[in-house]
Amino acid sequence: MTELAANLISIAVLLSGMFVVMSVAWLILKRRDLTLDLPVDRDQLIRIPAYGLQQQIQDL
């Protein structure tokens, strides 16, 4: 039974280490998303490709 307990403890330690690393990476990415300044407006990135050309064709 002690072998099983030792194996379970080692697996728990490995999984908790992975959880800590993934949590730190997630927090870093969330912080970067909040503080990132893009050279263009985010609303312009949502537009479809050739949006300006489509608007010119509709104006004609």
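Above this note sits the structure.
**Some points on the overall build of the protein**
Here is step 1 of the chain: What the protein contains, in helices and strands, is three helices and zero strands.
Here is step 2 of the chain: Over its C-alpha trace the protein gives a radius of gyration of 25 Å, far above what one expects of a compact globule, namely 10 Å for 60 residues.
Here is step 3 of the chain: Taken along its principal axes, the extent of the C-alpha atoms in the protein is 80 × 20 × 10 Å.
Here is step 4 of the chain: Counting across all 60 residues of the protein, residues that qualify as buried make up 0%.
Here is step 5 of the chain: Carbon and sulfur atoms form 68% of the exposed surface of the protein, whose accessible area is close to 6000 Å².
Here is step 6 of the chain: Within the protein, the 6 negative side-chain charges are centred at a point lying 3 Å from the centre of the 5 positive side-chain charges.

**Section: helix H1 (residues 2-35)**
In an α-helix there are 3.6 residues to a turn, and that puts residues three or four apart on one side.
Here is step 1 of the chain: Taking 1.5 Å per residue, 34 residues should reach 50 Å; H1 reaches 49 Å between its end C-alpha atoms and fits that length.
Here is step 2 of the chain: Little of H1 is tucked away, with zero of its 34 residues classed as buried.

**Some words on a nonpolar patch on the surface**
Here is step 1 of the chain: A contiguous nonpolar surface patch, about 420 Å² in accessible area, is contributed by Phe 19, Val 20, Val 24 and Ile 28.
Here is step 2 of the chain: Structurally, Ile 28 can be placed in helix H1.

**Quick look at the environment of Asp 59**
Here is step 1 of the chain: Tracing the backbone shows Asp 59 in helix H3 (residues 51-59).
Here is step 2 of the chain: With 50 residues separating them along the chain, Asp 59 and Ile 9 place their C-alpha atoms 69 Å apart.

Reading guide: rules and limits
- Residues numbered from 1 in each chain as written.
- Predicted model: local features only at pLDDT ≥ 70, side-chain atom pairs only at ≥ 80, totals over all residues.
- Heavy atoms only, no water.
- Helix = DSSP H or I, 4+ residues; strand = E, 2+ residues; numbered from the N terminus.
- Rg over C-alpha atoms; globule rule 2.2 N^0.38 Å.
- Buried < 20%, exposed > 50% of the residue type's maximum accessible area, 1.4 Å probe, protein only.
- Areas by Shrake-Rupley, 256 points an atom, 1.4 Å probe, with all protein chains shown as cover.
- Lys, Arg positive; Asp, Glu negative; His and termini not counted.
- Charge placed at Lys NZ, Arg CZ, Asp CG, Glu CD.
- Expected span 1.5 Å × (residues − 1).
- Patch = residues over 30% accessible without salt bridge, like charges linked within 9 Å, V, L, I, M, F, W, Y side chains within 5 Å.
- Salt bridge = Lys/Arg side-chain N within 4 Å of Asp/Glu carboxyl O.

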